[in-house]
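Here's the letter readout for the chains.
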Amino acid sequence: MLIRVGYEIAFESPQPAPMLLMLYLHPTRELTTRQPDQLQTTPSLPVSEYYDMYGNRCGRIVAPAGRVTFRNTAVVDDSGLPDLQVPHARQAEVQDLPHETLTYLLASRYCEVDSELKDIAWQLFGKTPPGWARVQAICDFVHGHIQFDYMQARANRTALGVYRERVGVCRDFMHLAITFCRNCNIPARYCTGYLGDIGVPPSADPMDFSAWFEAYLGGQWYAFDARNNTPRIGRVLMARGRDAADVALTTTFGVNELKEFNVRTDEI
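Residues numbered from 1 in each chain as written. Predicted model: local features only at pLDDT ≥ 70, side-chain atom pairs only at ≥ 80, totals over all residues. Heavy atoms only, no water.

A. View of the sheet that holds strand E2 (residues 17-21). In spatial order, the strands read E5-E6-E2-E14; together these four strands make up an open sheet with antiparallel pairing. Every other strand in the sheet has two partners, leaving strand E5 (48-51) and strand E14 (250-252) as the edge strands with one partner each. With direction set aside, neighbouring strand axes in the sheet form an average angle of 25 degrees. Where E5 and strand E6 (residues 57-63) come together, four bridges link them in antiparallel fashion. Within the sheet, the bridge partner assigned to Tyr51 lies in E6 and is Arg57. (Pairing = 2+ DSSP bridges. Helix = DSSP H or I, 4+ residues; strand = E, 2+ residues; numbered from the N terminus. Axes fitted to C-alpha atoms, helices over the stretch in contact; angles between N-to-C directions.)

B. Geometry of the sheet that holds strand E10 (residues 188-195). What the four strands build is an open sheet, ordered E12-E11-E10-E13; its pairing is antiparallel. Of all the strands in the sheet, just strand E12 (220-224) and strand E13 (235-241) have a single pairing partner and so form its edges. On average, adjacent strands in this sheet sit at an angle of 40 degrees to one another, irrespective of strand direction.

C. Region of the structure containing helix H2 (residues 132-145). Over its 14 residues, H2 runs 20 Å from end to end, which matches the ideal 20 Å to within 8%, given 1.5 Å per residue. When we look at burial in H2, the residues that qualify are Trp132, Arg134, Val135, Ala137, Ile138, Cys139, Val142 and His145. (Expected span 1.5 Å × (residues − 1). Buried < 20%, exposed > 50% of the residue type's maximum accessible area, 1.4 Å probe, protein only.)

D. Geometry of the domain arrangement of the chain. What the domain assignment lists for the chain is domain 1 (2-79 + 249-267) and domain 2 (94-245). The straight-line distance from the C-alpha centre of domain 1 to that of domain 2 is 24 Å. Taken together, the contacts link 22 residues of domain 1 with 18 residues of domain 2. Interface area, domain 1 with domain 2, both sides summed: about 1,700 Å², of which 66% is carbon and sulfur. On the domain 1 side of the contact with domain 2, Tyr54, Val263 and Thr265 bury the most area, a combined 33% of that side's loss. (Domains from an automatic or database assignment. Contact = heavy atoms within 4.5 Å. Buried area = accessible area lost by both parts, 1.4 Å probe.)

E. Representation of unusual backbone geometry. Of note, the amide linkage connecting Thr42 to Pro43 takes the cis form, showing an omega dihedral of 0 degrees. Locating Pro43 in the fold gives a position in the loop between strand E4 (40-42) and E5. One non-glycine residue, Asn185, lies in positive phi territory at about 65 degrees. Structurally, Asn185 can be placed in the loop between helix H4 (170-183) and E10. On the accessibility criterion, Asn185 (34% relative accessible area) is partly exposed. You will see that Asn229, though not glycine, has its phi angle at about 55 degrees, which is positive. Within the secondary structure layout, Asn229 lies in the loop between E12 and E13. Exposure remark for Asn229: the relative accessible area of 23% places this residue in the partly exposed category.

F. View of the environment of Ala226. Relative to the elements of secondary structure, Ala226 occurs in the loop between E12 and E13. For Ala226, a relative accessible area of 0% puts it in the buried group. Considering only alpha carbons, one finds Ala226 and Arg71, 155 residues apart in sequence, at a separation of 29 Å. Filtering out sequence-adjacent residues up to four positions away, Ala226 remains in contact with Cys139, Val142, His143, Phe173, Met174, Ala177 and Phe213.

G. Structural detail: helix H1 (residues 117-125). Within the span of H1, buried status applies to Leu117, Ile120, Ala121 and Phe125. Along the axis of H1, the buried positions cluster into a sector of 105 degrees, meaning they face one direction only. Facing away from the buried side of H1, by more than 90 degrees, are the exposed residues Asp119 and Gln123. Lining the buried residues of H1 we find H2, helix H3 (159-165) and H4. (Arc of directions from axis to C-beta.)

H. How the structure looks around the state of the cysteines. Applying the stated rule across the entire model yields zero disulfides. Residue Cys170 stays outside any disulfide, its sulfur separated by 12 Å from that of Cys191, the closest cysteine. Residue class for Cys170 comes out buried when judged on its relative accessible area of 16%. There is no disulfide at Cys184, and the cysteine sulfur nearest it, in Cys181, is 7.1 Å away. Note on Cys184: relative accessible area 0%, which makes it buried. (Disulfide = S-S within 2.5 Å.)

Structure below.
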């Protein structure tokens, strides 16, 4: 299937401000892109591109005082199949993990692996079979433990805060699930991108970027989604990292105010 994705996001600043942008499709999507994404700005601004330590495509600009708008549209080729399910995927011993996965076992900004969640994780999931079944048990718990509420979004809520408050948005679901996975010695990393209402009833909520996570099992990474907790069709990756701090779509070194935010994900 073909999926058209895109956005239009506008900010207003009282004075010029440098910005970092992570508003591109992930490089792993290049071979499946029919109409490549190309970041456009109004007013037209020079964008310096680079790749960060996690392989994400990024941009740098200096936003002028006043209003600046970012827009992008791309068409991607997708298998049209739900997230791959491999119930027999095994969990590797830590000493057998590839070097590049080890950072996804450690504590990060929003995932306090070294907190009381470590004991809680083993109490909750220590008796589940290691591997796919354990990650799914984590997703089942997080899905049932947290109430989704856009109005309760908070930028500084960590996994421990999510566990205690039992409310949040999609990033909060993923942070808690990622932390539990890491506590159980399963590498887990945060993902952000597009996820439209394909193969499911349309949501009444405005379209937004989505979060999910990937767990390393059986020698490869698999997508899991503790919020929806069901295989979904049409995930279009934009960025990966340890947690949401590594994949902020925009970072402004100054003051600005969000004026417009529209995201589109449609099956063609």
